2 protein chains.
Amino acid sequence: MFEPFENYLDHLSIDCVIFGYHNRTLKILVPQLKTESDIWTLPGGFIKEDEDIDQAAKRILAERTGLEDIYLEQFRVFGKANRKNSMVLDAFENSEQDLYFDKQLMDEPIRNWLSGRFISIGYYALVDMDKVVPKRMPIDKKIAWYALEDLPRMIMDHNQQVTKALDVLREQLDSKLLGFNLLPDTFTMKEVQEVYETIHDQKFTRSNFQSKMLSLGVLERLEKKYTGASNRAPYLYRFKK
Amino acid sequence: MFEPFENYLDHLSIDCVIFGYHNRTLKILVPQLKTESDIWTLPGGFIKEDEDIDQAAKRILAERTGLEDIYLEQFRVFGKANRKNSMVLDAFENSEQDLYFDKQLMDEPIRNWLSGRFISIGYYALVDMDKVVPKRMPIDKKIAWYALEDLPRMIMDHNQQVTKALDVLREQLDSKLLGFNLLPDTFTMKEVQEVYETIHDQKFTRSNFQSKMLSLGVLERLEKKYTGASNRAPYLYRFKK
DNA sequence: TTTCTATTGTATAAAAAATATACATTAAAT
DNA sequence: ATTTAATGTATATTTTTTATACAATAGAAA
């Protein structure tokens, strides 16, 4: 399942903050590692010697969560000298679950390698919680979406990473929404507004949101959408090519 | 002068984009390496195993330029798989100058190490070109300030790093100006405006700049400054404690 | 002392952007 | 045809940004 650890760059890791949106709720994807006591970590992993870091982030996300073809954005490097996995590794000594490597193959060199200091490059993504169906089973036995306010205490600085990633997501939403591939091909203005309201955790006035969104100049209006509801049908929009 | 290379983290480097401001001009600090043909590189170096990356950036900057106690801001990671020093190293084979290591000590293992793929964490700073006096001689024989439009072609992606750093600097100027320690303890509004105009490369209306700057709420007004000029004396300001 | 000049502080007007409010439109059920 | 709920759009209000005007003043010159 895994490459031998010699192919990875030492002391370097990538962690992914995956925001999931669906139906006016925003959550974070957190794999839970089952040890003596439960341990939560962001989906993370290591960079191969011959791999772009952006590519590595995509691969890692796929390996740990099954999510593929996700648009990831680099947001911050976390590089304190004392940034170490040691606590996590200790817990794994008394566990039958895999972490980054197959536990059967976890020999002394690998353990040493893992216990060193790691500099982590943080990536974030925003995906549709329901549309994104893992194409392969994630290696982690348990993985779940957590609302921000229910986020478990994760290892190391992972909770801080989420906080920082959310700041950046909010700043970049206007310019990155298209890239996130969050909305369907065509969508109503209401759907866009719900995304914004959820991510910013605040309400916007409908009429003003509409004109602000259109003033960005990235949407084009299509035909109307007749849903069968007994009220005026909304227009559909899509991102300009 | 240098630590043995074994103390550095493999495949990881830091590059610094140092913006220098003085008297309405903005420049970039670029060490020139003297080989058969000239080579320019941003001041860069490597991270020790037991060192915070922020600390490493400060140390590297000091080693390569003599600049100490500079406020550095991380702005981007550059991590293409083909990001290699090889061209630079080749040039150094026919040169008597040091690069990252003392050339006398450049044995085969070090050369191999240096020729690998490097992921670089970009930092930038904004300093007063004239106030900042190197406390120690930089190791590079030649180092100079270049205006953006005169920037030489540097190695690898260093020119792109400057472009990206300038984007981030402009975005962050409002909130980071204090940290840059660019202005003297007390200063006039005109001095602030000159900094802004230079960095953004555009003029601002004086009266509007004044009210915008004050509306940030970070300045406090002190006494007037009598310079001997035959016109109304400006107030002095300083950053609120 | 008075006048003049260059620069600064500040007020105000004009324009633009953001926000609030109102109202007409309409798809489908009744 | 009437009603209802959501939508499109117009307009008013407020706030922010930008432009313009003008008074204040430190020192030089008259």
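Read on for an overview of the structure. (Residues numbered from 1 in each chain as written. Chains lettered and ligands numbered in written order. Predicted model: local features only at pLDDT ≥ 70, side-chain atom pairs only at ≥ 80, totals over all residues. Heavy atoms only, no water.)

Once that is clear, we can look at a negative patch on the surface. A surface patch of like charges, here negative, comprises Asp167(A), Glu171(A), Asp167(B) and Glu171(B). Those elements that provide at least two residues to the negative patch are α4 (158–180) of chain A together with α4 (158–180) of chain B. Note on placement: Glu171(A) falls in helix α4. For Glu171(A), a relative accessible area of 67% puts it in the exposed group. (Patch = residues over 30% accessible without salt bridge, like charges linked within 9 Å, V, L, I, M, F, W, Y side chains within 5 Å. Areas by Shrake-Rupley, 256 points an atom, 1.4 Å probe, with all protein chains shown as cover. Salt bridge = Lys/Arg side-chain N within 4 Å of Asp/Glu carboxyl O. Lys, Arg positive; Asp, Glu negative; His and termini not counted. Charge placed at Lys NZ, Arg CZ, Asp CG, Glu CD. Helix = DSSP H or I, 4+ residues; strand = E, 2+ residues; numbered from the N terminus. Buried < 20%, exposed > 50% of the residue type's maximum accessible area, 1.4 Å probe, protein only.)

Moving on, we come to the protein's contact with DNA strand C. Residues in close proximity to DNA strand C total 21 residues, the closest being Ser207(A), Asn208(A), Ser230(A), Asn231(A) and Tyr235(B). Atoms of DNA strand C within 4 Å of the protein belong to the sugar or the phosphate in 50% of instances, the rest to bases. A distance of 2.5 Å is found between a sugar or linking oxygen of DNA strand C and a backbone nitrogen or oxygen belonging to Asn231(A). Here a phosphate oxygen of DNA strand C sits 2.8 Å away from a polar atom, N or O, in the main chain of Tyr235(B). (Near = heavy atom within 4 Å. Polar contact = N/O pair within 3.5 Å; in protein donor to acceptor, adjacent residues only side chain to side chain.)

All names here are of chain A. All told, the structure shown has 20 salt bridges over all chains when counted by the stated rule. A salt bridge links Glu194 to Arg24; the nearest nitrogen and oxygen atoms lie 2.6 Å apart. One end of the pair, Glu194, is in helix α5 (residues 189–200); the other, Arg24, is in the loop between β1 (8–22) and β2 (25–34), and 170 residues separate them in sequence. Residue Glu194 is classed as buried on the basis of its relative accessible area, which comes to 16%. What makes Arg24 partly exposed here is its relative accessible area of 42%. Here Glu220 and Arg238 are joined by a salt bridge, their closest N and O atoms 3.0 Å apart. With Glu220 in strand β8 (residues 219–224) and Arg238 in strand β9 (residues 235–239), this pair connects stretches of sequence that are 18 residues apart. The class for Glu220 is partly exposed, based on a relative accessible area of 27%.

This part takes up the nonpolar core. Ranked by size, the top nonpolar core spans 42 residues in total, and within it Ile121(A) and Ile121(B) carry the most contacts. When residues of this core are traced back to their parent elements, those giving at least two are β1, α1 (53–65) and β6 (119–128) of chain A together with β1 (8–22), α1 (53–65) and β6 (119–128) of chain B. (Core = buried A, V, L, I, M, F, W, Y, C linked by side-chain atoms within 4.5 Å.)

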